[in-house]
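# Structural overview
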Amino acid sequence: MTVLDWLLDSDPAVRWQVLRDLTDAPAEEVAAERARVATEGWGARLLALRDPDGQWAGGACFPAADWDRSEGGQPWTSTLPTLDLLRLFGLDPSVPEARETVALVRENCRWEYDGSRFFDGEVEPCINGRTLAVGAYFGEDVEGLVQRLLDDQLDDGGWNCATEEGSTVSSFDTTIDVLEGLLAHERATGATVQTVEARRRGEEYLLERSLFRRKSTGEPVKPGYLQFSFPPQWHYDVLRALDHFREAGGPPDERLAEAVALARDKRQPDDSWLLEDSHAGAVHFPLEDGDGRPSRWNTLRALRVLRWHDASTS
């Protein structure tokens, strides 16, 4: 079995992206496979777990019920991480299941921080970046959220959830959350000079650091940034950043070379990539076989990053 056969022997959420990004299948074949996300496999399972009011686990960022903080991590079963996962699955925003769910979330979901409406966001840019990505993807009005994130950009080009506590330097984790949100907004509504400038400044923050190094010393910022996970939740890693630059398009910046080499070196003899660093916390159900095992999601994303990079630099 080839790696493509293995990837296609999977859930519709993986298959349609393999067809689009790795095989150049006809658009109608890709669309037909994508449509199955709402009715089969992981996408259908997530939709079936939705509360009647449109939320998951009764909360926006956290479950409504008490959860055991001694286990480490946080639950990933509330509304924001679940909608973000459906976005990564590629649930078609136009299908009835998506339209109904998003309308209910708009009406009923409120942030734990201050009770504001879900698509208005809250105070932390890491949360707001992911909410922007979800809202833009599913066709919601998120212009107020965009302006808030533009106002929150720091002088070094990135963002940090700790600015409310006085931080003046950016965070890789928060910055990638916001960059994905801004790019999703551009794709959904069209770019403005302000949003493109903000996104490119944020991307420059990462590029100046080769996607994982401290600008001051050149040392890797965190070991976890070199470990590939899926779903990433709010966490940063090199593969997530590379996939963002691929999605943004254009020729690869030469400062991506070290990160691309890192990704290439993680390729296994069977042409797969491993799941390396699952983020602690309760999930609806597992998507992979566990850390240290071959990961279809990481393999898909690594292969399409390398395809983009190598086609542009050959």
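Structure first, text after, so check above.
The sections below set out a description of the structure shown in this document. Quantities reported herein were computed from a predicted structural model and do not represent experimental measurements.

Parameters and conventions
- Within each chain, residues carry numbers counting from 1 in the order of the written sequence.
- This being a predicted model, a pLDDT of at least 70 is required before a residue's local features are given, and a value of 80 or more before pairs of side-chain atoms are given or counted; all residues contribute to the totals for chains, interfaces and linings.
- With hydrogens and water excluded, all non-hydrogen atoms of the structure serve as input to the side-chain values.
- Salt bridges, as used here, are contacts in which a Lys or Arg side-chain nitrogen is within 4 Å of a carboxyl oxygen on Asp or Glu.
- Partly exposed describes any residue whose relative accessible area lies between the buried limit of under 20% and the exposed limit of over 50%, with all areas from a 1.4 Å probe on protein chains only and scaled to the type maximum.
- Comment: elements are numbered from the N terminus, with helices defined as DSSP H or I runs of at least four residues and strands as E runs of at least two.
- The pairing test for Phe, Tyr and Trp rings, Trp by its six-membered ring, is centres within 6.5 Å, and the orientation test on the planes gives stacked under 30 degrees, edge-to-face over 60, and tilted for anything in between.
- We call a charge positioned above a ring when the Lys NZ or Arg CZ atom is no farther than 6 Å from the ring centre and deviates by at most 35 degrees from the ring normal.

Let us now look at the pattern of salt bridges. In the structure shown here, the tally under the stated rule is 28 salt bridges. Here Arg-36 makes a salt bridge to Glu-33, at a shortest N to O gap of 3.1 Å. The partly exposed category is assigned to Arg-36, whose relative accessible area is 29%. Glu-33 gets classed as buried once you look at its relative accessible area, which sits at 10%. When the shortest N-O distance is used, the salt bridge between Arg-199 and Glu-186 registers 2.8 Å. Within this pair, whereas Arg-199 is found in helix H10 (residues 193–207), its partner Glu-186 is found in helix H9 (residues 172–189), the two being separated by 13 residues in sequence. One exposure class covers both Arg-199 and Glu-186, and it is buried.

Attention shifts here to the packing of aromatic side chains. Per the stated rule, a full pass over the model turns up 11 aromatic pairs. On the basis of an interplanar angle of 85° and a centroid distance of 4.9 Å, the ring pair of Tyr-137 and Phe-138 is categorised as edge-to-face. Given a relative accessible area of 22%, Tyr-137 falls into the partly exposed group. Given the relative accessible area of 8%, Phe-138 is considered buried. In this structure, Arg-45 packs its charged tip against the face of Phe-285, placed 3.8 Å from the ring centre.

Nothing here speaks to function; it is geometry throughout.
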